[in-house]
Structures are given as structure tokens and as C-alpha cells.
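Residue strings, one per chain:
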Amino acid sequence: MGNIDLTIVWAGIIGFAVFAYVVMDGFDLGIGILFPSFAVGDERNQAMNSIAPVWDGNETWLVMGGGGLLAAFPLAYAIILPATYPLMIAMLLGLVFRGVAFEFRWRDARHRPLWDAAFTLGSVVAALAQGMTLGAILQGIRVENGAYAGGWLDWLSPFSLLTGVSVVVGYGLLGAAWLVWKTEGAAQAHARRLALWLGVATLVMLAAVSAATPFLAYDYWRRWFAMPDVLLTAQVPLLVAIVAFAFFWSLRRGAERLPFLLALGLFLLGFVGLGISIYPYVVPRAVTIWDAAAPPQSQLFMLVGAVVIVPVILAYTGWAYWVFRGKVGTQGYH
């Protein structure tokens, strides 16, 4: 029983870390995705300044999610990574491009258009790779004798492309909603228009992925449509409709902070839907969280560290956001 409890606790910790990464790095990747649509000069400077204090700290959660998967569920790590190596490499290269471009665009004004393009390209590639990784896991990974048994390009499919584009669009929505909150004037008006259209596009992509997922496997279909499960799972699309209505209402009413929080709500509901589809598997239809779990002694040892580290990360992250609260101008916060 203790083993089961520790396994569920660690699944929760890693799920929290992944969602925290999506929430916190999603909006700054979104700003990179939308960057070409901003006017050169003040608009781009405001967009960049709005994430300057927090963008690199946001990626702490990516490290924690990946490291936690290796430590707590080593079998899953050993299967998922080989199945998605090209996507992982592309994501990391995209993040490197973003980081380099972020610093160099301020210090090398003569080549700023080049660094702006690298910032956008890195953001799109990283977001697309993350979305396609999700699709590759959902559609299933071939496992034989506890090891990956597929090919180099098994991750590439129409479904993984759909999830990849969906994440790019969704991150764009988070980026636009963040700028509605953090900017003012012409930049805010532009961000509000982007958020409106990207809100519609995100709902379309969410509906498309939700419609396609049950056809990947009978397990998914049963979770969402078979009685009595449907009585519970039907609440998720209902809540999506309610949150979406509130999102568009808040945009129309001129709210600044609420659209971003409601956009995060849409992502949370998508994350809940993902959990409903795959639980208790960590590699769908092949390896459960208990199959992949490290020994209880290892989980307990790591849990002691996590109990200390996670609150520390939350504390310094919260402090950074608090210090840099408020609107951002072309030169900084005010």
C-alpha cells in the first residue's frame, strides 16, 4: 500500500511540474511565436520586457519534470526518450536559440532582425516539439520486453502533427493574454485582438484533438463515452464551454488580468482531460505508473528532497513575479 501511495504521490509531483512548466513557459514561448506580428520598436520591446525577468526561471519546471521522471519512473524515461529523441533534440535546440537570441538582440542592434527571427523560430520549434511529443505518447509507443521497440520516426503521424500545431496555437493564446495583462496602449489593443482570434483557434484545435483521441484506442473511447464514466468525464467539456464563454466575455469587457487566468483555466482542463485519457498508464496501453516506478526506498528518499525543493522553487518564483508585477514599458516596469 505504501508503494502505491508513493507512486501516486510522485505521479502527482511530476504532473504538477509538467503543468507548471506549460503554464509558466507557455506564455513566453507564445510571445516568441507571435513576435513577428508585433511592430518593430516599442511593441516588440514591451513584449520582450514583459518576460525578461522570468523567462529563464520558468524552465526550472521542465528540468524538474524530466529529472523527476528519470528518478521516480526510470522505465518510463527509458522508453519515452528513445521514442522521441528527434523531438527532444529539436525542443532543446529551440530553447537554446531562444535564449541566445533573447540576450543578443539587446547587445547586437545591427543584427536585431536576425535575432528576432531566431527568437521566433526557436519558440515555434520548441512548442511544436512539445505538442508532437504529447501526440506521440497518446497514440502509443511500441514496447517489447520493457524497452522501446519502434523506429526512428514512429512519433511522426497526422495526430502528432495535430497536437503539435494545437500546442503552438495554445501557447500563442497564453502569450497574447499575458500581454493584455502586462502592456498598455497600442500594444495592449493589438494583444487583445490577437487573444480574441487565438481563443477561437485554440477552442477549434482543442475540439479537434478531443474528437480524434477516442479513435486512437478503445480505452480512450471507453473513458469518455461508456457509461457510467461519461457521467463524470462529460463535466470536462462542459467546464471548457463555461470557461471559454467567460474568457471572451472578459476580453469584450476590457478586463486585463482575467483573460490570462481563464486561458490558464482552459489549459488546466485540457490537462485534466489528458489525465482522464491515460491514467493509470505513463506509457499508454503499455506501462502503468506502478510498472515504471522506482523502488519504494528510492521514492521515499527523493520525496524528502522534493518536500524541501518544490516549496523553495514556488517561493522564489512567486517572489520574482511579485517584484516585477505591474505594467511594463519599453524601458522596463513602472
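Everything in this summary refers to the structure shown in the same document. (Residues numbered from 1 in each chain as written. Predicted model: local features only at pLDDT ≥ 70, side-chain atom pairs only at ≥ 80, totals over all residues. Heavy atoms only, no water.)

### Here's the deal with the overall build of the protein chain
Along the protein chain, the regular secondary structure elements total 15 helices and four strands. For 334 residues, the compact-globule estimate of 2.2 N^0.38 gives 20 Å, and the C-alpha radius of gyration of the protein chain, at 20 Å, lies within 12% of that figure. Reported as C-alpha extents along the three principal axes, the dimensions of the protein chain are approximately 55 × 40 × 40 Å. Within the protein chain, the fraction of its 334 residues that count as buried is 50%. Across the protein chain, the fraction of contacts at a sequence separation of at least 24, relative to all contacts at a separation of at least 6, is 78%. Just so you have it, the protein chain exposes about 15600 Å², and 73% of that area is on carbon and sulfur atoms. The protein chain carries 18 positive and 17 negative side-chain charges, and their two centres are separated by 9 Å. (Helix = DSSP H or I, 4+ residues; strand = E, 2+ residues; numbered from the N terminus. Rg over C-alpha atoms; globule rule 2.2 N^0.38 Å. Buried < 20%, exposed > 50% of the residue type's maximum accessible area, 1.4 Å probe, protein only. Contact = heavy atoms within 4.5 Å. Areas by Shrake-Rupley, 256 points an atom, 1.4 Å probe, with all protein chains shown as cover. Lys, Arg positive; Asp, Glu negative; His and termini not counted. Charge placed at Lys NZ, Arg CZ, Asp CG, Glu CD.)

### A closer look at a nonpolar patch on the surface
The grouping of Y85, I89, L93, F97, W152, L153, L156 and L161 at the surface amounts to a nonpolar patch, some 820 Å² of accessible area in total. The element contributing the most residues to the nonpolar patch is helix α6 (residues 85–107), with four residues. Its place among the elements puts F97 in helix α6. Residue classification places F97 among the partly exposed residues on the basis of a relative accessible area of 45%. (Patch = residues over 30% accessible without salt bridge, like charges linked within 9 Å, V, L, I, M, F, W, Y side chains within 5 Å. Salt bridge = Lys/Arg side-chain N within 4 Å of Asp/Glu carboxyl O.)

### What to know about the packing of aromatic side chains
Tallying each qualifying case throughout the model produces 15 aromatic pairs. With centroids separated by 6.1 Å and ring planes inclined at 15°, the aromatic side chains of Y171 and F267 adopt a geometry described as stacked. Taken together, the positions of Y171 in helix α8 (residues 158–182) and F267 in helix α13 (residues 258–278) put the pair 96 residues apart, joining distant regions of the chain. For Y171, a relative accessible area of 2% puts it in the buried group. Classification of F267 by relative accessible area gives buried; the value is 18%. (Phe/Tyr/Trp six-rings, centres within 6.5 Å; stacked < 30°, edge-to-face > 60°.)

### Things to note about the nonpolar core
W10, F73 and Y171 are the most contacted members of the largest nonpolar core, which has 86 residues in total. In terms of residue count, the dominant contributor to this core is helix α1 (residues 2–34) (16 residues). Once residues within four sequence positions are removed from consideration, Y171 is found in contact with Y21, V22, G26, L29, G30, I33, A127, Q130 and F267. The next biggest cluster of nonpolar side chains, apart from the first, holds six residues, and it includes F159, V209, A217 and Y220. (Core = buried A, V, L, I, M, F, W, Y, C linked by side-chain atoms within 4.5 Å.)

### Concerning the pattern of salt bridges
Considering all chains together, one arrives at four salt bridges under this definition. Here R98 makes a salt bridge to D28, at a shortest N to O gap of 3.1 Å. In this pair, R98 is assigned in helix α6 and D28 in helix α1, connecting sequence segments 70 residues apart.

### As for the environment of A136
Relative to the elements of secondary structure, A136 occurs in helix α7 (residues 112–139). Relative accessible area serves as the criterion here: at 4%, A136 is assigned to the buried category. Separated by 20 residues in sequence, A136 and L156 place their C-alpha atoms 7.3 Å apart. Residues in contact with A136, not counting those within four places in the same chain, are T84, I141, W155 and S160.

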